[in-house]
Amino acid sequence: SKHWMNLSRSFDEDPHPSLDHSSQWILYQRRWYLLIVYSVLSCQQSILWITFSPVAEATKSYFDTTDGGVNLLLAWGPIIYIPCLFLTGQMLSEKGGLRKVVLIGAALDGIAGPIRCIALLDPKSWWALWVVSLGQILNAAVGPLMMASPSKFSASWFGEHERTTVTSIATTANALGGAIGFIYSPYVVEYLSLPWLIIIQAIQSAVIMMWVFIYFPERPPTPPSASAELLEFQLENPKSKKLGFYQEFDQLCRSSNFLLFATIGGVSQGAFAGWSGMFNLILEPLGYSPTFAGWMGFSSTLAGIFGGICVGILGDTIFKMKFKLIILVSLVVATMSCLYFSLTLPSFFSEEPILPNSCIFQLEFNLKFST
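About the cut-offs
Residues numbered from 1 in each chain as written. Predicted model: local features only at pLDDT ≥ 70, side-chain atom pairs only at ≥ 80, totals over all residues. Heavy atoms only, no water. Core = buried A, V, L, I, M, F, W, Y, C linked by side-chain atoms within 4.5 Å. Buried < 20%, exposed > 50% of the residue type's maximum accessible area, 1.4 Å probe, protein only. Helix = DSSP H or I, 4+ residues; strand = E, 2+ residues; numbered from the N terminus. Contact = heavy atoms within 4.5 Å. Phe/Tyr/Trp six-rings, centres within 6.5 Å; stacked < 30°, edge-to-face > 60°. Salt bridge = Lys/Arg side-chain N within 4 Å of Asp/Glu carboxyl O.

Enquirer: For this particular structure, what's the right way to read the nonpolar core?
Expert: One recurring pattern in soluble globular proteins is that nonpolar side chains are buried together. Y38, L41, V102, F153, V212 and F216 are the most contacted members of the largest nonpolar core, which has 20 residues in total. Mapped onto this core, the elements with two or more residues apiece are α2 (30-49), α5 (97-117), α6 (128-147), α7 (150-157), α8 (163-191) and α9 (194-214). The greatest single-element share of this core, amounting to five residues, is contributed by α2. Judged by nonpolar contacts, the second largest core, of 19 residues, contains V55, V132, Y184 and V188.

Enquirer: I keep staring at the environment of S227 and nothing clicks. Help me out?
Expert: Mapping S227 onto the fold places it in helix α10 (residues 226-236). Taking relative accessible area as the criterion, S227 reaches 32% and is therefore assigned partly exposed. With 67 residues separating them along the chain, S227 and E160 place their C-alpha atoms 8.5 Å apart. Filtering out sequence-adjacent residues up to four positions away, S227 remains in contact with E160 and R163.

Enquirer: I tried to follow the packing of aromatic side chains on my own but got confused; where do I start?
Expert: Two numbers describe a pair of aromatic rings. These are the distance of the centres and the angle of the planes. Inspection of every chain in the model, using the stated rule, returns eight aromatic pairs. With centroids separated by 5.0 Å and ring planes inclined at 5°, the aromatic side chains of Y38 and F153 adopt a geometry described as stacked. Linking Y38 in helix α2 with F153 in helix α7, this pair joins segments that are 115 residues apart in sequence. Accessibility assignment for this pair places Y38 and F153 in one class, buried.

Enquirer: When you look at the pattern of salt bridges in this model, what are you seeing that I'm missing?
Expert: Oppositely charged side chains are able to pair whenever their charged atoms sit close together. Tallied over the full model, the rule gives four salt bridges. Linking E57 and K60 is a salt bridge whose minimum nitrogen-to-oxygen distance equals 2.9 Å. Of this pair, E57 and K60 both sit in helix α3 (residues 56-63), three residues apart, roughly one helical turn. Accessibility expressed as a relative area gives 33% for E57, which makes it partly exposed.

Enquirer: Would you mind showing me how to read α7 here?
Expert: Given 3.6 residues per turn, any residue in an α-helix points the same way as the ones three and four places further on. Counted residue by residue, α7 has seven buried out of eight residues, so it is predominantly covered. Residues P150, K152, F153, S154, A155, S156 and W157 constitute the buried set of α7.

See the structure below:
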């Protein structure tokens, strides 16, 4: 314990702070370490979420279930996300909320992995899949904790000229976990087995939980920007805010611009998550292997990560304060790519694809979801 106390003290002292050249605000080098910790935890959450979908056939055989059972393990993600999102927003609006959110997320993920291992004692029993579901539910609760807090994290630790890029990195880390899961699960199952996949992921979750608990402070010793200082003041003096969290949320929901933006983002992300999570079940009847389906999911998700980071960098540099233009261009490209993708597949109107299904298909598919 003395070793970890010394480690925490060395972080607190941070002998190499850097000055934000645009102002007098100090940026601490440890912010990059915390970004890595935060991103790894978010990545692990997505790896656990996508565990069984890329190996649907092995899951059905091992747990003696159906396609519906495998889909349910995936569906717990969006089902639990909605109610937990409001709790996450409430916590983030309180003093110490960022640290609380990250530590709770690490604890839930650290528990979820080992809980799934209990089902390995009797995988054919009626309760085995429900125990796995319990682990998936706990992991699903981590989703909103990690996906709703990147902006709070970047505002608390990074300068104004870094925020969009850092928020993009922290957000796309969750997608990276899904990309890794697409190729990680099939290969582990192929060369080892499904039980070993569950055990390895449980160990990962426990190790990451301990890593996060070692050091993850709420904020730096001094605020990195004027807006961070204002946010800190509001958290220290709750009465300075005219409205509470739920009053602010109610006011936000009355904004037509917000509702339009939320609908567009929700539909696009929901379509991608639902489609990519079922790659194996969709492609298996067409004769494609789980490994091929995994690489399909990996490449499309990787394109989305690349696009997200590029948009963040452009938003911080060339297209500063022009987010509407970035969103409009992205939606146009997505629409064109989606149209091309649709015409390369059989449909209600034609049993044969209208456009050739070639390597361009994968390029267009990736381009569509990179937006």
